[in-house]
Amino acid sequence: TSPEGADRFLVSNNDNFARNFDASTFQAVIDYKQDWAVNYSCVNPEGRLVCLVGDASEAIIRDANRGTVVHELNGHKDFSFSCCWHPTLPICATANQDCTTRIWDLRRPDKAVYVLPGLMAPVRSVKFSPDGQFLVMSEAADFVHIYDVTSNFSRSQLVDFFGEITGFDITSDSQKIFVGVADRAFGCLMEFE
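The structure contained in this document is the topic of the report that follows. Counting of residues starts from 1 at the beginning of each chain's written sequence and follows it residue by residue. Local features in this predicted model are restricted to residues of pLDDT 70 or higher, and side-chain atom pairs are both shown and tallied only at a pLDDT of 80 or more, whereas totals for entire chains, interfaces and linings draw on every residue. Computation of side-chain values: all heavy atoms of the structure, hydrogens and water removed.

1. Concerning the overall build of the chain
Phase 1: Under the scheme used here, helices are H or I runs from DSSP no shorter than 4 residues and strands are E runs no shorter than 2 residues, and both carry numbers assigned from the N terminus. When helices and strands are counted, the chain shows zero helices and 17 strands.
Phase 2: Oriented by its inertia axes, the alpha-carbon framework of the chain measures out at about 45 × 35 × 30 Å.
Phase 3: Buried, partly exposed and exposed residues are distinguished by accessible area as a fraction of the type maximum, computed with a 1.4 Å probe on protein chains only: under 20%, between the cut-offs, and over 50%, respectively. Within the chain, the fraction of its 193 residues that count as buried is 50%.
Phase 4: Intrachain contacts of the chain at a sequence separation of at least 6 include 32% that bridge at least 24 residues.
Phase 5: Of the accessible surface of the chain, which amounts to about 9,700 Å², a share of 49% is contributed by carbon and sulfur atoms. For this analysis, residues touch if any pair of their heavy atoms sits within 4.5 Å. Where accessible areas are quoted, they stem from the Shrake-Rupley method and a 1.4 Å probe; at the residue level, only the protein chains shown are allowed to cover.

2. Some thoughts on the packing of aromatic side chains
For any pair of aromatic rings, geometry is given as the distance between the ring centres together with the angle between the planes.
Phase 1: Geometry of aromatic contacts follows a simple scheme: Phe, Tyr and Trp rings, the Trp one being its six-membered ring, pair when their centres are within 6.5 Å, and the pair is stacked under 30 degrees between planes, edge-to-face over 60, tilted otherwise. Counted according to the given criterion, the structure contains three aromatic pairs.
Phase 2: Here Phe9 and Phe21 contribute two aromatic rings whose centre-to-centre distance is 5.2 Å and whose plane-to-plane angle is 10 degrees, an arrangement assigned as stacked. Residue Phe9 is located in strand S1 (residues 8-12), and its partner Phe21 is located in strand S2 (residues 17-22); the two are separated by 12 residues in the primary sequence.
Phase 3: Residue Phe21 is classed as buried on the basis of its relative accessible area of 17%.
Phase 4: Ring-pair connections join several aromatic residues into one group, and the members of that group are Phe9, Phe21 and Phe26.
Phase 5: A ring is considered to have a charge above it if a Lys NZ or an Arg CZ atom is located within 6 Å of its centre and within 35 degrees of its normal. Sitting over the face of the ring of Phe81, Arg124 holds its NZ or CZ atom 4.2 Å from the ring centroid.

3. A closer look at the pairing of strand S7 (residues 69-73)
Phase 1: Here strand S6 (residues 59-63) pairs with S7 via four bridges, running antiparallel. Within the sheet, the bridge partner assigned to Ile60 lies in S7 and is Glu72.
Phase 2: From the end of S6 to the start of S7, which pair antiparallel, there are five residues, and Gly67 there has a positive phi angle of about 85 degrees. In this description, strands pair whenever DSSP reports at least two bridges between them.

Structure, rendered in structure tokens:
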């Protein structure tokens, strides 16, 4: 949503841009240009900041309305695939090909406050639950990790199965996770409580 209250949507692209569009006119309102392909971008819950990740080791935090760089988050060792914001805290998470998810506190953006390792494959997707109690991250195949945010990420559960993971989502009541599996033999949509 814009400062004036207009609905907007964000599009990431391999042309080195993420674009913020006015939902009523489908016109680009602001372009966020990077020196690399933008694989994923997301706006924080207040609508003031945008996190951009892509074909670079750093993640960029920009002012959503002016487009200026607010923070550069350094620590990953490869390209990033996904990012997300906590619903109430000033933290974001980035998922990377280096097989980690990093948690960044924007009050101290000089380094990640937590580094959550994958087991085998690049971390492709990451998302906080709507209630903010959990962080879910999925590797490219076989593993979905569920972290308890309230324990400072010290408690977790691992969901282990066979198959390439297409993605996941969390229900609005934070009670279920749906995981898409693209596998010739075991392809399905799985539901976990």
